[in-house]
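# Structure assessment
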Amino acid sequence: MPSVLFIHENFPAQFGALADTLAKRGWSVVFATQKESVSPKKVHKLSSGVKVVRYERARAPSDNLHPYLRVSESAVLNGQGFARLGLELSKNGFTPDVIMAHSGWGSGSFAKVVWPNAKLIQYLEWWYNFPPPDVNEAEEAKRSKPDWHARTLSRNLPFFLDFQQADLVITPTNFQASQAPDFVQQKLIIQHDGIDCDFFCPSEPGEERFAWDGLPDDAPIVTFATRGMEPMRGFPTFMAAAAQMQKERPDIHIVIAGNPKAHYGPEPATHENWKAKCLSEFSFDEARLHFTGPLPKDRYTQLLRRSDAHVYLTRPFVLSWSLLEAMASATPIVASDVPPVREVANPNEHIRVVPPDEVGALCREIHWLLDHPKQAREMGQRARNEVTAHYDAKAAHDVFEHLMRSQLEDLSAFRNAIMEG
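Residues numbered from 1 in each chain as written. Predicted model: local features only at pLDDT ≥ 70, side-chain atom pairs only at ≥ 80, totals over all residues. Heavy atoms only, no water.

### Considerations on the overall build of the protein
- Of the regular secondary structure elements, the protein holds 16 helices and 14 strands.
- At 23 Å, the protein has a C-alpha radius of gyration in line with the 22 Å of a compact globule built from 421 residues.
- Along the three orthogonal principal directions, the C-alpha set of the protein runs to about 75 × 55 × 40 Å.
- A total of 421 residues make up the protein; the buried ones form 53% of that total.
- Taking as baseline every contact in the protein between residues at least 6 positions apart, the subset at least 24 positions apart corresponds to 69%.
- Working note: accessible area of the protein is about 19200 Å², and carbon and sulfur atoms make up 51% of it.
- Computing the positive centroid from 45 side-chain charges and the negative centroid from 52, the protein places the two 5 Å apart. (Helix = DSSP H or I, 4+ residues; strand = E, 2+ residues; numbered from the N terminus. Rg over C-alpha atoms; globule rule 2.2 N^0.38 Å. Buried < 20%, exposed > 50% of the residue type's maximum accessible area, 1.4 Å probe, protein only. Contact = heavy atoms within 4.5 Å. Areas by Shrake-Rupley, 256 points an atom, 1.4 Å probe, with all protein chains shown as cover. Lys, Arg positive; Asp, Glu negative; His and termini not counted. Charge placed at Lys NZ, Arg CZ, Asp CG, Glu CD.)

### A closer look at the packing of helix H9 (residues 235-248) against helix H14 (residues 359-371)
- The interhelical angle for the contact between H9 and H14, taken along N-to-C directions, is 55°, at an axis separation of 9 Å. Here H14 runs oblique to H9, going by the angle between their axes. When you trace H9 past H14, the crossing you get is right-handed. Between H9 and H14, the contacting residues are Thr-237, Phe-238, Ala-240, Ala-241, Gln-244, Met-245 and Glu-248 on the first element and Val-359, Leu-362, Cys-363, Ile-366, His-367 and Leu-370 on the second.
- Counted by class, the contact of H9 with H14 contains nine nonpolar, three polar and one charged residues. (Axes fitted to C-alpha atoms, helices over the stretch in contact; angles between N-to-C directions. Parallel < 35°, antiparallel > 145°, perpendicular 65-115°, else oblique. Left-handed = near helix turned anticlockwise from the far one by under 90°. Nonpolar A, V, L, I, M, F, W, Y, C, P; charged D, E, K, R; others polar.)

### A short note on a nonpolar patch on the surface
- Judged by side-chain polarity, Leu-69, Leu-157, Phe-160 and Phe-183 come together as a nonpolar surface patch covering roughly 340 Å² of accessible area.
- Within the secondary structure, Leu-157 sits in helix H6 (residues 157-163).
- The partly exposed category is assigned to Leu-157, whose relative accessible area is 39%. (Patch = residues over 30% accessible without salt bridge, like charges linked within 9 Å, V, L, I, M, F, W, Y side chains within 5 Å. Salt bridge = Lys/Arg side-chain N within 4 Å of Asp/Glu carboxyl O.)

### With respect to unusual backbone geometry
- Cis peptide bonds are those with omega within 30 degrees of zero, and the linkage from Phe-11 to Pro-12 qualifies with 0°.
- Tracing the chain through its elements places Pro-12 in the loop between strand E1 (3-7) and helix H1 (16-24).
- Non-glycine residue Lys-41 carries a positive phi angle of around 55°.
- Positive phi, close to 60°, is recorded for Ala-330, a residue that is not glycine.
- The residue Ala-330 is located in the loop between helix H12 (321-328) and strand E13 (333-336) in this model.
- Its relative accessible area of 7% is what places Ala-330 among the buried residues.

### A closer look at the layout of surface pockets
- Approximately 300 Å³ is the volume attributed to the second largest pocket.
- What lines the second largest pocket is a set of 14 residues, among which Lys-41, Arg-54, Tyr-55, Leu-85 and Glu-88 lie closest to the centre.
- Those elements giving two or more residues to the lining of the second largest pocket turn out to be strand E4 (51-54) and helix H2 (70-91).
- Looking at which element gives the most residues to the lining of the second largest pocket, the answer is H2, with five residues. (1 Å grid on protein atoms, 1.4 Å probe; cavity = no way out; pocket = protein on both sides within 12 Å on 5 of 7 lines; lining within 4 Å. Points joined across faces, edges and corners; volume = space filled by probe spheres on them.)

### What about the environment of Glu-378?
- Turning to its location among the elements, Glu-378 is positioned in helix H15 (residues 373-390).
- For the pair Glu-378 and Val-4, spaced 374 residues apart in sequence, the C-alpha separation works out to 42 Å.

### Things to note about empty space enclosed by the protein
- In total, this model carries one cavity of 30 Å³ or more according to the counting rule given.
- Considering the residues around the largest cavity, the lining is formed by 13 residues, among which Gly-234, Leu-313, Ser-336, Pro-356 and Asp-357 are closest to the centre.
- Here the residues of the lining of the largest cavity are counted per class, giving six nonpolar, four polar and three charged.

### Description of the nonpolar core
- Among the nonpolar cores identified, the biggest contains 31 residues, and Leu-323, Leu-324, Met-327, Val-341, Val-344 and Val-387 are the most heavily contacted of them.
- Ranked by residues supplied to this core, first place goes to H12 with five residues.
- For Val-344, the residues in contact, after removing those within four places along its chain, are Leu-319, Leu-323, Leu-324, Met-327, Glu-386 and Tyr-391.
- With 30 residues, the next largest nonpolar core counts Phe-224, Met-229, Phe-238 and Ile-252 among its residues. (Core = buried A, V, L, I, M, F, W, Y, C linked by side-chain atoms within 4.5 Å.)

### Side note on the pattern of salt bridges
- By the definition in use, this model includes 20 salt bridges.
- Across the pair Asp-217 and Arg-209 runs a salt bridge, and its minimum N-O distance is 3.5 Å.
- Overall, the relative accessible area of 53% leaves Asp-217 in the exposed class.
- Connected through shared salt-bridge partners, Arg-25, Asp-398, Glu-401 and Arg-405 make up one network.

### Concerning the sheet that holds strand E6 (residues 119-123)
- The mixed open sheet is built from eight strands, whose spatial order is E3-E4-E2-E1-E5-E6-E7-E8. The outermost strands of the open sheet, each flanked by one partner alone, are strand E3 (44-45) and strand E8 (188-190).
- Its contacts with the sheet put H1 on E1, strand E2 (28-33) and strand E5 (98-102), and the angle it makes with E2 is roughly 160°. (Pairing = 2+ DSSP bridges.)

Structure (structure tokens):
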């Protein structure tokens, strides 16, 4: 029975569904995480057979450290924290054949210190370049370019630590791969994590519709779903458009799902968070503005199925699963016209697109979806067909398992050579 160790600071994150699949296929699977909801010093066994364990770092990064090195020290502390847990796992008889570690946080950087013969797959989500493609001109003007440049280059140090040991490097999209330097790309395989297209699918006749207090059952709704509310994912632009749309269409309701905390970039200097800032700057009919907070998965998919116009905004950065989940649900979508979006969806065939940060253009495209419901739904169905053809989780998991087994074949040949020697 082959064994695999997943290492990710969060759980289930990108590896959870794949871990479940491999466990159900007979692999011995351990998932190590820093997720606070996972109790330390305890093995949590999931119904799929995956064993989840938590590692902890010994201390926080030093306040006296050079600013360029704080990310690196944090990564080393994460790696040390996992390595200590790994030694305990090894003492208890666990030896992974393959290790798949999310890179950049450092958690898997010393896994091969514990298991030097294991194959290490580096999951590279983002390589930092200068100037960063995800920073707009207004933000760029506020920064000291030499300091910012040096700090940005230093963010890649944990990736180098992982890369020197990696047997294989995986990244989800062509756009993310294009950010990596040539010497990394030579070792890189592009493979998306995959979307559960059986779960994220169009509504069936008679199924329960998304409901919310104060939301009329027959109201047209415009939706926005995000892990965190920040400029990186276009939240202020959406809120400006939502305020304008409420004035222009007195029947629509705006539904926003997600956590008000910013996950990418800082909170605004003048307010607790971007939600508070936007509510203070724009005028809303609050009876038609609904913040649901983070939704359980079943409620989230109900929201996507009911949406008449779903908005996905982003700068050129890591593509969110939420765009592909909305596409798989056949939801009419307006999205930012940026390379990672164009990679997965064709404008006017699968989705409507708008230039980043243009409120007027966003309003016009939302109006178009609401004014052309039949064409919008047809576009949504074409979007679903695109996702099921190229991003379905079942096919993605087959590819990941194939890649892992190909590494095992190399490992088997290595072990046989040692025995014959």
